[in-house]
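Descriptive structure summary
The chain contents come next:
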Amino acid sequence: MARAQPQFTCTACGAVYRKWTGHCDACGAWNSIVEEAPLAAGPRVLRKGRSIELTRLEAEEAPPPRAQSGLEELDRVLGGGLVAASAILVGGDPGIGKSTLLLQAVAAFAGRGLDCLYISGEEAAAQVRLRAQRLDLAQAPVRLAAETNLRDILATLDAERPDLVIIDSIQTMWLDSVESAPGSVAQVRASAHELVSFAKRRGVSVVLVGHVTKEGQIAGPRVVEHMVDCVLYFEGERGHQFRILRAVKNRFGPADEIGVFEMTGRGLAEVPNPSALFLSERGEAAAGSVVFAGIEGTRPMLTEIQALVAPSTLSMPRRTVVGLDSGRLSTILAVLEARCGIPFAGLDVFLNVAGGMRVQEPAADLAVAAALLSAREDVAIPPETVVFGEISLSGALRPVAQAENRLKEAQKLGFTAAMLPRGAKLEGDAGVVLRRFADLTGFVGEVFGAG
Ligand code: TYD
Ligand code: MG
C-alpha cells in the first residue's frame, strides 16, 4: 500500500496544501501553514453504494424545539433560544469574557430545568467554582469537570446524556488517536468533529469555546466554523466595558443578530436598550460628533461616530480608525475629494465609534462623511439629529433598508430630525423632521455651506 502523503494545512482558513509554503494563497495569511499527520490509511474495502431514501421537500416540518435561558440578549442571538442537539461555536479573543458568559448561560439554562455540564480544559474546577461564587451562581445545579482527554469526556457524556455541555476550550482538547499536540489544527478539527457528531447522534447540545489568535500560532477556530450549526463571536474593545455577542452563522435563525452586554464586577449584565447606553456619554453638540441610526440584525441601534481632523506633520498623514472599516474611510475621503472638491491631504484623520461598538453597515457612510466634514470645518451638526445613508462612488446617496425603524428608534430616544438619502422610502409620518439629499455635493452645500 502506498505510504500516506504528508499534508499541510493553513491554521487560519483550513486550506490544504501538498507542500509547505510561507503564504496561504486561499486567505492571504503568512506563516500559518503547518504539517499535519495524514489520516490513518486503513485497508480499503470497495463496496457498492446503496441507494439512499429520498423524501419530498414539501413535507411538513415542525419548527425545532428550543430552550430559552431567560438571558434575552443571548436567546435572541441564538435565533430565539437553544435548539436541541445543536453545535455552537463561541469564538473571541482571550480574556474577552467567553468563560464568564458561558458560565452564566449554563447556570441560566440549568435554572430552567436543563441538565447541564461545564467542562473546562483551561481552569481547575476550584477556579470555575470561584468564578461562579463571584457571579452569585454557586447554587446553580450545574455539574463541573476539569478535563482535556476527549475520549474520557465522550464516554462520560454518553453515560450521562445531559441536555447541554460546554467545552471550554476546543483548543485544549486532545484525542489520543491523533498524533499531534493539543491546539494543533489536526487535534482541534478531530476533537470538534467528534463532539459535533456526538451532539447530532445523541441529541446533546454542545457549545465549543474557541480562542482566536491574530498570529494563527495555535489553531484558530476557523476550521471548526464549517462543522457547527451556529457561530457566535464575542467581541469588544479591551478598554471598554461593552461586549457584543454576534451571530455570524446560524442555521436556525438570522445571522448578524447581536446581543449587547456590559462587563461588570459581578459578571456580564444584559443591556436591553443599547442605543441609550451608547449615547449616554455624549455631551453637548460638538464638531466631529454625529449620531448614526443603524440596524444590527433585527434591532435598530444608535451610535455616535466621532472624527478628529488636524494638520499633519507627516508626509503620509495618519488615518486611524476604531470600530469601522478603514477601507470604507479611504473610499469616503476619496469621494469627498473627487466629487465635492474637499481635500484631506496634509490632514491627519481619526475616526472612532464611541463605546467600543463595531459598525459594519454601508448605511454609516453618510454619518462618517458628516463627522469628517464637521470636524474639518469645525461646524457642529445640529443636535438631536441622526444621519444615515450609503454613499456611492459617483457621490450619489443611496437609500438603505429599514429607514422607518431607524427613524422610530431616533424618535424614541428624543431625536427630532434626520438627514437621509432622498430615495429612502417611508410610509406615513416619520415623527421627526426629515432633511433629504440626492447626493453628497448637495449635502455638503446645504449643511456646511460649501461644495
Ligand atoms: P473570562 O471569561 O475568563 O475570559 P475568556 O474566557 O474569554 O478568556 O473573563 C476574563 C476577564 O473578565 C478578566 O479579565 C476579568 C473580567 N471579569 C470581570 O470584569 N468581572 C467578572 O465578574 C468576571 C468573572 C470577569
Ligand atoms: Mg476562558
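Predicted, not measured: the structure shown is a model, and the values here were computed from it.

Let us now look at the sheet that holds strand β22 (residues 417–421). Here we have 7 strands laid out as an open sheet, ordered β17-β18-β16-β15-β19-β22-β23, and mixed in their pairing. With partners counted over all chains shown, the strands left at the sheet margins are β17 (319–322) and β23 (433–437), one partner each. Pairwise comparison of adjacent strand axes, ignoring direction, gives a mean angle of 25° for this sheet. In this sheet, strand β19 (residues 385–387) lies alongside strand β15 (residues 289–296) in parallel orientation, the contact comprising 2 bridges. Residue pairing for β19: Phe-292 is matched across the bridge by Val-387. Packed on one face of the sheet, helix α8 (residues 326–340) meets β17 and β18 (347–353) and runs near 130° to β17.

With that settled, consider the confidence of the model for the protein chain. Looking at the protein chain, the pLDDT average stands at 89 and 94% of residues meet or exceed 70. Averaged over each element, pLDDT in the protein chain is lowest for helix α6 (residues 222–225) (78) and highest for strand β20 (residues 390–391) (97).

Read from one edge to the other, the open sheet built from 3 strands follows the order β2-β1-β3, with strand pairing classed as antiparallel. The open sheet has two edge strands, β2 (16–17) and β3 (33–36), and neither has a second partner.

Here we come to the site of ligand 1. Close to ligand 1 lie 16 residues, the nearest being Gly-95, Lys-98, Ser-99, Thr-100 and Gly-267. Interatomic distance of 3.4 Å between a backbone N/O atom of Ile-96 and an oxygen atom of ligand 1. In the model, an oxygen atom of ligand 1 is placed 2.8 Å from a nitrogen or oxygen of the Lys-98 main chain. Surface burial for ligand 1 is 74%, taken as the share of its 560 Å² of free accessible area covered by protein chains. The set of elements that each furnish at least two residues to the shell around ligand 1 consists of α2 (98–111), α3 (125–134) and β13 (258–264). Ranked by the residues each element gives to the shell around ligand 1, the list is headed by α2, at 3 residues. Considering only residue class, the shell around ligand 1 consists of 4 nonpolar, 7 polar and 5 charged.

By secondary structure assignment, the location of Thr-100 is in helix α2. For Thr-100, a relative accessible area of 11% corresponds to the buried category.

Here we take up the packing of aromatic side chains. This model, assessed by the stated rule, comprises 3 aromatic pairs. Their ring planes at 85° and their centres at 5.1 Å tell us that Phe-437 and Phe-443 sit as a pair that is edge-to-face. Accessibility classification places Phe-437 together with Phe-443 in one group, the buried group. Where Phe-443 meets Phe-448, the ring centres are 6.2 Å apart and the plane angle is 70°; that geometry is what we call edge-to-face. Phe-443 sits in the buried class, given a relative accessible area of 0%. Owing to a relative accessible area of 12%, Phe-448 belongs among the buried residues under this scheme. One aromatic cluster is present, built from ring pairs that chain together Phe-437, Phe-443 and Phe-448. The ring of Phe-344 carries the charged tip of Arg-376 above its face, separated from the ring centre by 5.4 Å.

Under the defined criterion, the tally for this structure stands at 20 salt bridges. Linking Glu-123 and Arg-131 is a salt bridge whose minimum nitrogen-to-oxygen distance equals 2.9 Å. Across this residue pair, the class does not change: Glu-123 and Arg-131 are buried. One salt bridge in this structure joins Glu-160 and Arg-143, with 2.7 Å as the shortest N-O distance. Here the residue Glu-160 occupies a position in helix α4 (residues 150–160), and Arg-143 occupies one in strand β8 (residues 142–146), the gap between them amounting to 17 residues. With a relative accessible area of 36%, Glu-160 lands in the partly exposed category. On the basis of relative accessible area, Arg-143 is assigned to the partly exposed category, the value being 36%. A single network of salt bridges, built from pairs that share partners, joins Glu-73, Arg-76, Glu-257 and Arg-299.

Procedures and definitions
- Residue positions are given per chain, counting from 1 as you read along its sequence in written order.
- Working convention: letters from A go to chains and numbers from 1 go to ligands, in the order in which they are written.
- With the structure being a predicted model, the display of local features is reserved for residues of pLDDT at least 70 and the display and counting of side-chain atom pairs for 80 or more, all residues being used for whole-chain, interface and lining totals.
- Excluding hydrogens and water, the side-chain values take into account all heavy atoms of the structure.
- Here, a strand pair is defined by DSSP locating no fewer than two bridges between the strands.
- The helix count covers DSSP runs of H or I at least four residues long, the strand count covers runs of E at least two residues long, and both are numbered beginning at the N terminus.
- Whenever a helix is involved, its axis is fitted only over the stretch in contact; in every case the axis is a line through C-alpha atoms, and angles between N-to-C directions fall within 0 to 180 degrees.
- Residue contacts follow a heavy-atom distance rule, with two residues in contact if any of their heavy atoms lie within 4.5 Å.
- Confidence of the prediction at every residue is given by pLDDT, a number between 0 and 100.
- Nearness of a residue to a molecule or strand requires only that one of the residue's heavy atoms be within 4 Å of it.
- Each polar contact in these results corresponds to two N or O atoms within 3.5 Å; when the atoms are within protein, one needs to be able to donate a hydrogen and the other to accept it, and residues that are neighboring in sequence are counted only if both atoms are side-chain atoms.
- All accessible-area figures derive from a Shrake-Rupley calculation using a 1.4 Å probe, and residue coverage is judged against the displayed protein chains alone.
- Lys, Arg, Asp and Glu make up the charged group, whereas Ala, Val, Leu, Ile, Met, Phe, Trp, Tyr, Cys and Pro make up the nonpolar group; the residues left over, Gly among them, are polar.
- Think of it in three bands: with a 1.4 Å probe and only protein chains considered, a residue is buried below 20% of the maximum accessible area for its type, exposed above 50%, and partly exposed in between.
- Working definition: a ring pair exists when centres of Phe, Tyr or Trp rings (six-membered ring for Trp) sit within 6.5 Å. Plane angles under 30 degrees give stacked, over 60 give edge-to-face, the rest tilted.
- Look at NZ for Lys and CZ for Arg. If either is within 6 Å of the ring centre and within 35 degrees of the ring normal, a charge sits over the ring.
- When a carboxyl oxygen of Asp or Glu is within 4 Å of a side-chain nitrogen of Lys or Arg, the pair counts as a salt bridge.

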